[in-house]
Amino acid sequence: MEILKVQNLCKTYGKGEARVEALKNVSFSMEKGEFAAIVGESGSGKSTLLNCIGALDTPTSGNVYMDGQNLFSMKEEKRTIFRRRNIGFVFQSFQLVPELTVEQNIMFPLLLDYKKPKPADIDEILEVLGLVDRRHHLPNQLSGGQQQRVAIGRALITKPKLILADEPTGNLDSKSSQDVMDLLIQASRHYQQTILMITHNNNLAASVDRVFRVSDGILTDLGGKANETLS
């Protein structure tokens, strides 16, 4: 089942000599449960692409369809609500609320939407992420890897159509990076969760179902795990 369809996406900044084409007619789609990585040099357009797909930024032209709905045909308020309910975000900088416990941080997106979290859902996510014994800890009492696991739990709790992960292992050591990557793969399989991740780490990219490369705003589909063209 097609969850994400990106169609002729373009993003241009500036005018005249200062004009920069950050994205150039990007088109691709993703199926439910698929885990894909985006690789490319800094400044190639990877984060711009993720921000447009997540409706954090508006493309200059083109369309993004999620579960058949066109994000940019929606009015802004409706799009904001749709994003909150259907897209989970995992950032490099964790972005946890320091005053909230692990459990409260994970529940936070549901509370924002005036929904009551189901204790069984919280318990399951804590179990999957290996955070049961940390549920009442504050972020500053956790390692970087543990904080990123909380961020993954926060992204999973709304059962979103899509999780967008922007360099989720960028601030972690190699062991924690692999642990977080393993958890994302587990989440993808366990919850049939569709995940699109930016990474500079080609070793991590080799673990996913499919790899895209972005170069000068142009996206190329490199195919699946057997592809050896990442280096």
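Quick notes on the rules
Residues numbered from 1 in each chain as written. Predicted model: local features only at pLDDT ≥ 70, side-chain atom pairs only at ≥ 80, totals over all residues. Heavy atoms only, no water. 1 Å grid on protein atoms, 1.4 Å probe; cavity = no way out; pocket = protein on both sides within 12 Å on 5 of 7 lines; lining within 4 Å. Points joined across faces, edges and corners; volume = space filled by probe spheres on them. Helix = DSSP H or I, 4+ residues; strand = E, 2+ residues; numbered from the N terminus. Nonpolar A, V, L, I, M, F, W, Y, C, P; charged D, E, K, R; others polar. Pairing = 2+ DSSP bridges. Axes fitted to C-alpha atoms, helices over the stretch in contact; angles between N-to-C directions. Contact = heavy atoms within 4.5 Å. Buried < 20%, exposed > 50% of the residue type's maximum accessible area, 1.4 Å probe, protein only.

**Remarks on the layout of surface pockets**
Put simply, the largest pocket is a space of about 380 Å³. If you trace the largest pocket, you find 14 residues lining it, with Ile87, Phe89, Pro109, Leu112 and Arg154 closest to the centre. Those elements that provide at least two residues to the lining of the largest pocket are α2 (76–86), β6 (87–91), α3 (102–112) and α5 (144–156). Of the residues in the lining of the largest pocket, the class split is 7 nonpolar, 4 polar and 3 charged. Approximately 220 Å³ is the volume found for the second largest pocket.

**Some words on the sheet that holds strand β10 (residues 218–223)**
Within the open sheet, the 6 strands sit side by side as β6-β7-β8-β3-β9-β10. Their pairing is mixed. Bordering the open sheet on either side are β6 and β10, each of which pairs with just one other strand. Between one strand axis and the next, the sheet turns by 20° as a mean value, whatever way the strands run. As defined by bridge partners, strand β3 (residues 35–39) adjoins strand β9 (residues 210–215) across 4 bridges and the pair is classed as parallel. Directly across from alanine 37, in β9, lies its bridge partner valine 211. In the packing of helix α1 (residues 46–53) onto the sheet, the strands contacted are β3, β6, β7 (162–166), β8 (194–198), β9 and β10, and the crossing angle to β7 comes to about 155°.

**Concerning the sheet that holds strand β1 (residues 2–13)**
Read across the sheet, 4 strands follow the order β2-β1-β4-β5 without closing on themselves; strand pairing throughout is antiparallel. Two strands lie at the open edges of the sheet, namely β2 (20–31) and β5 (69–70), each paired on one side alone. Sheet topology note: the β1/β2 ladder contains 8 bridges and is antiparallel. If you follow lysine 11 over to β2, its bridge partner there is leucine 23. On top of the sheet, α1 reaches β1, β2 and β4 (61–66); it is set at about 60° to β2, its chief contact.

**Things to note about the environment of aspartate 216**
In this structure, aspartate 216 sits in the loop between β9 and β10. Assessed through its relative accessible area of 54%, aspartate 216 is described here as exposed. With 174 residues separating them in the primary sequence, aspartate 216 and serine 42 have C-alpha atoms 9.9 Å apart. The residues contacting aspartate 216, other than those within four sequence positions of it, are Glu21, Lys24 and Ser44.

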